[in-house]
Amino acid sequence: MSFIKSWIRKDIQDMKAYHVPEARELTKLDAMESPFIPNKDFEVEFIENITKVNINRYPDPLAKALARSIRNLMDIDNSLDILFGNGSDELIQLLALACDEGDTILSFSPSFVMYETIAKFAKLKYVDSPLQDFDINLKETLTLIENHKPKIIFIAYPNNPTGNLFDRNKIISIIESTKALVVIDEAYFAFSNDSFLGDLKSFKNLVILRTISKISFAGVRLGLLIGEPETINQFQKLRLPYNINSLTQVTCEFLLKKKNYILDSAKYIVSERERVFRALSKIDSLKVYPSDANFLLIKSREAKELNNFLLYNGILVKSFNETDSLKNFLELQLEKKKRTTKC
Ligand SMILES: *Cc1c(COP(=O)(O)O)cnc(C)c1O
């Protein structure tokens with residue numbers, strides 16, 4: 001046996017690294033990114049700001065200037081605290097790190113895969129509650145909570161990959177029923193009409209996770225955990241010093257001030273979502289699901305052939321494994337209107 005195979009944890013040896021498909025010259029609609037490129041749209045000012053950075057120095061550990069921009073962009077008032085991560089994935093990992101040996105993380109299926117992946121890295125137990133018609137099965141979930149006493153419950157709101165908001169009242173029942181920390185993951189907040197930001201004051205066991213990845217800034221890697229100062233202070237201890245680099249800080253401080261630009265871009269995506277939803281719904285062989293996010297989920301008995309056809313025509317969408325409960329589905333992010341592709 002090779003050195004590394006005898007050395008590495010058995011469960012890591014059996015894992016697969018996160019797979020990112022090769023995009024080459026393809027139109028990339030598979031990662032729920034934004035088609036808007038703010039650093040190009042504000043190029044001159046952007047370059048000026050970037051060149052001011054003293055990259056020989058460590059970054060501001062608290063990213064104060066960036067925090068001001070993001071509070072203004074997302075209307076987060078000063079009575080709440082923010083913990084920044086190198087993407088919200090890093091914050092999911094940090095939350096898992098705060099758990100005790102043998103603790104359980106609970107989430108739903110299908111939902112965002114990193115909750116389960118990170119639970120495994122951290123050697124935590126993972127339990128999922130299957131969705132029923134893409135909504136939370138409350139009875140089943142409350143039973144799982146009772147039986148497994150999870151330490152953290154992750155709820156993606158809107159959910160990825162189904163794109164919808166779960167029933168808000170069910171979420172409230174879950175928060176009230178448990179001693180778990182409930183993390184509402186609002187990665188798609190900009191495209192939806194609801195948020196739990198206003199509920200943070202009512203529930204001590206609630207925190208909100210957000211990211212700027214879906215609103216034009218996937219490349220800079222910035223996620224945020226929002227909560228009561230008492231809660232955030234404890235998690236601050238687990239953050240590695242200087243995890244938000246100077247280039248990310250200055251980029252965000254400057255570009256996140258473009259609030260109108262960011263909100264208008266999101267509005268554009270929402271209007272395209274409705275237009276593309278109507279257009280695709282006219283095709284008999286497709287089932288298109290209503291979405292509160294920047295993507296549409298579609299079902300087709302010929303999903304595999306359709307995926308191959310799209311690839312052949314230079315379009316990369318997200319497909320699911322043959323073994324997945326979503327094997328006949330495709331997920332595609334909304335783009336700017338440009339050339340019309342003939343189907
Ligand atoms: C995309 C996505 C994330 C990942 O965000 P990053 O900040 O890019 O790490 C988190 N949660 C959900 C539900 C997502 O869809």
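Just so it is clear, the structure is predicted and the values come from calculations on it, not from any experiment.

Caption draft 1: Looking closely at the domain arrangement of the chain. According to the domain assignment, the chain contains domain 1 (3-39 + 260-333) and domain 2 (56-258). The distance between the C-alpha centroids of domain 1 and domain 2 comes to 22 Å. Of the roughly 2,300 Å² buried between domain 1 and domain 2, counting both surfaces, carbon and sulfur atoms make up 68%. Of all residues in domain 1, Pro38, Ile262 and Asp292 bury the most surface against domain 2, accounting for 27% of the area lost on that side. At the junction of domain 1 with domain 2, the criterion picks out 0 salt bridges. The dominant element in the side of domain 1 that touches domain 2, judged by the number of residues it contributes, is helix α12 (residues 259-281), at 7 residues.

Caption draft 2: Just helix α10 (residues 229-236), in detail. Those residues of α10 that sit buried are Thr231, Ile232 and Phe235. The arc enclosing the buried residues of α10, seen along the axis, measures out at 90°, which places them on a common side. Next to the buried residues of α10 lie β2 (81-85), α6 (88-97), β6 (181-185), β7 (206-211) and β8 (223-227).

Caption draft 3: Layout of unusual backbone geometry. Residue Ser109 is joined to Pro110 through a cis peptide bond whose omega torsion reads 0°. Omega for the bond connecting Tyr157 with Pro158 falls within 30 degrees of zero, at -5°, which places this linkage in the cis form. Locating Pro158 in the fold gives a position in the loop between β5 (152-156) and α9 (168-177). For Tyr242, which is not a glycine, the phi torsion comes out positive at approximately 60°. Structurally, the position occupied by Tyr242 is in the loop between α10 and α11 (246-255).

Caption draft 4: Quick look at the sheet that holds strand β4 (residues 125-130). Ordered by their spatial adjacency, 7 strands build an open sheet running β2-β8-β7-β6-β5-β3-β4, and the pairing between neighbours is mixed. If you trace the sheet from one side to the other, it starts and ends with β2 and β4, each paired once. The mean angle between the axes of side-by-side strands here comes to 25°, regardless of whether they run parallel or antiparallel. When β7 meets β8, the two strands line up antiparallel, connected through 4 bridges.

Caption draft 5: Spotlight on the sheet that holds strand β12 (residues 318-319). Taken together, the 4 strands give an open sheet; going across it, the order is β9-β10-β13-β12, and neighbouring strands pair in antiparallel fashion. Pairing within the sheet leaves two strands with one partner each, and these edge strands are β9 (287-288) and β12. In this sheet, strand β13 (residues 329-333) lies alongside strand β10 (residues 295-299) in antiparallel orientation, the contact comprising 5 bridges. What sits directly across from Leu296, in β13, is Leu332. Sitting on the sheet, α12 touches β9 and β10, and the angle it makes with β10 is about 15°. Each of β10, β12 and β13 is contacted by helix α13 (residues 303-312), which is oriented at about 35° to β13, the strand it contacts most.

Cut-off values and rules
Residues numbered from 1 in each chain as written. Predicted model: local features only at pLDDT ≥ 70, side-chain atom pairs only at ≥ 80, totals over all residues. Heavy atoms only, no water. Domains from an automatic or database assignment. Buried area = accessible area lost by both parts, 1.4 Å probe. Salt bridge = Lys/Arg side-chain N within 4 Å of Asp/Glu carboxyl O. Helix = DSSP H or I, 4+ residues; strand = E, 2+ residues; numbered from the N terminus. Buried < 20%, exposed > 50% of the residue type's maximum accessible area, 1.4 Å probe, protein only. Arc of directions from axis to C-beta. Contact = heavy atoms within 4.5 Å. Pairing = 2+ DSSP bridges. Axes fitted to C-alpha atoms, helices over the stretch in contact; angles between N-to-C directions.

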